Amino acid sequence: IRSEVLGDKHPDYATSLNDLATLCSKMDPFEKAEPLKLKAKAIDEAVRGEKQLDSATALNKLAGMYEQMGSFEKAEPLHLEAKEIRA
C-alpha cells in the first residue's frame with residue numbers, strides 16, 4: 001500500500017521494507033530478507049543521502065541481519081560505515 005500511495009522511492013516505504021525484512025529473517029531463511037534490506041538501504045541513501053543518520057540506521061539494520069546469518073565479514077564494514085556517519 002505504501003508503495004502505491006507514496007511511491008517506491010519514499011523513505012516510509014523503505015521503513016516498511018526493513019520491517020518486512022526483519023519479519024522474514026525471523027520466520028524464514030535470510031534469502032528473502034537480504035534483498036529487502038538492500039533495497040531499503042538504497043532508497044534511504046538515494047532520498048536522504050549517504051551520510052545521514054537514517055542511512056546509518058539502515059546500515060546497522062543490514063549489518064545486524066548479516067550478524068544473525070553469521071556473515072561477520074559483511075557486517076563489520078557496514079557497522080564501521082554507520083559509526084563514521086554518526087561521528
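The coordinates are above.
Sequence positions are assigned chain by chain, starting from 1 and proceeding in written order. Local features in this predicted model are restricted to residues whose pLDDT is 70 or higher, and side-chain atom pairs enter the listing and the counts only when it is 80 or higher, whereas totals over whole chains, interfaces and linings include all residues. Only hydrogens and water are set aside; all other atoms, that is, all heavy atoms of the structure, feed into the side-chain values.

Novice: What is the right way to read helix α4 (residues 53–69) from this model?
Specialist: Counted at 1.5 Å a residue, the expected span for α4 with its 17 residues is 24 Å, and the 25 Å between its end C-alpha atoms agrees. The cut-offs for exposure are 20% and 50% of the maximum accessible area for each residue type, with area from a 1.4 Å probe on protein chains only; residues under the lower value are buried, those over the upper are exposed, and the others partly exposed. Each helix is a run of DSSP H or I of at least 4 residues and each strand a run of E of at least 2, with the numbering of both proceeding from the N terminus. Those residues of α4 lying buried are Ser55, Ala56, Ala58, Leu59, Leu62, Ala63, Met65 and Tyr66. Elements that come into contact with the buried residues of α4 comprise α3 (33–48) and α5 (72–86). Just beyond α4, the residue with positive phi is glycine 70, at close to 85°. Expected span of a helix: the number of residues minus one, times 1.5 Å. The contact criterion used throughout is that any non-hydrogen atoms of two residues lie within 4.5 Å.

Novice: Any chance you could explain the packing of α4 against α5 here in plain terms?
Specialist: The relative placement of two packed helices is expressed as an angle between their axes plus a distance between the axes. Between N-to-C directions, angles cover 0 to 180 degrees, with each direction set by a line fitted to C-alpha atoms, over the stretch in contact for helices. Running from N to C, α4 and α5 cross one another at 160°; their axes reach a closest spacing of 8 Å. When the axes of α4 and α5 are compared, the pair comes out roughly antiparallel. Crossing hand, α4 versus α5: left-handed. In this structure, α4 contributes Leu53, Ala56, Thr57, Leu59, Asn60, Leu62, Ala63, Gly64, Tyr66 and Glu67 to the contact, and α5 contributes Phe72, Lys74, Ala75, Leu78, His79, Glu81, Ala82, Ile85 and Arg86. Throughout this entry, Asp, Glu, Lys and Arg are counted as charged residues, while Ala, Val, Leu, Ile, Met, Phe, Trp, Tyr, Cys and Pro are counted as nonpolar. The remaining residues, Gly among them, count as polar. Tallied by class, the residues present in the contact of α4 with α5 amount to 11 nonpolar, four polar and four charged. Angles are sorted into four bins: roughly parallel if under 35 degrees, roughly antiparallel if over 145, roughly perpendicular if 65 to 115, and oblique for all others. Crossing handedness follows the turn of the near helix against the far one: under a right angle anticlockwise gives a left-handed crossing, and clockwise gives a right-handed one.

Novice: Got a minute to help me understand the packing of α3 against α4 in this structure?
Specialist: Two numbers describe how α3 lies on α4: the axes approach to 9 Å, and their chain directions differ by 165°. With respect to each other, α3 and α4 are oriented roughly antiparallel. Handedness of the α3/α4 crossing: left-handed. Counting all contacts with α3, which are made through Ala33, Glu34, Lys37, Leu38, Lys41, Asp44, Glu45 and Arg48, the residues of α4 involved are Asp54, Ser55, Ala58, Leu59, Lys61, Leu62, Met65 and Tyr66.

Novice: Looking at this structure, I do not really get the nonpolar core. What am I missing?
Specialist: The tendency in soluble globular proteins is for nonpolar side chains to be buried side by side. One finds Leu17, Met65, Tyr66 and Leu78 to be the most contacted residues of the largest nonpolar core, which totals 20 residues. When residues of this core are traced back to their parent elements, those giving at least two are α2 (11–27), α3, α4 and α5. Here this core takes six residues from α4, the largest share from any one element. What leucine 78 contacts, discounting residues up to four positions off in sequence, is Lys41, Leu59, Leu62, Ala63 and Tyr66. In these notes, a set of buried Ala, Val, Leu, Ile, Met, Phe, Trp, Tyr and Cys residues joined through side-chain atoms within 4.5 Å is what counts as a nonpolar core.

The analysis is restricted to geometry; functional conclusions fall outside its scope.
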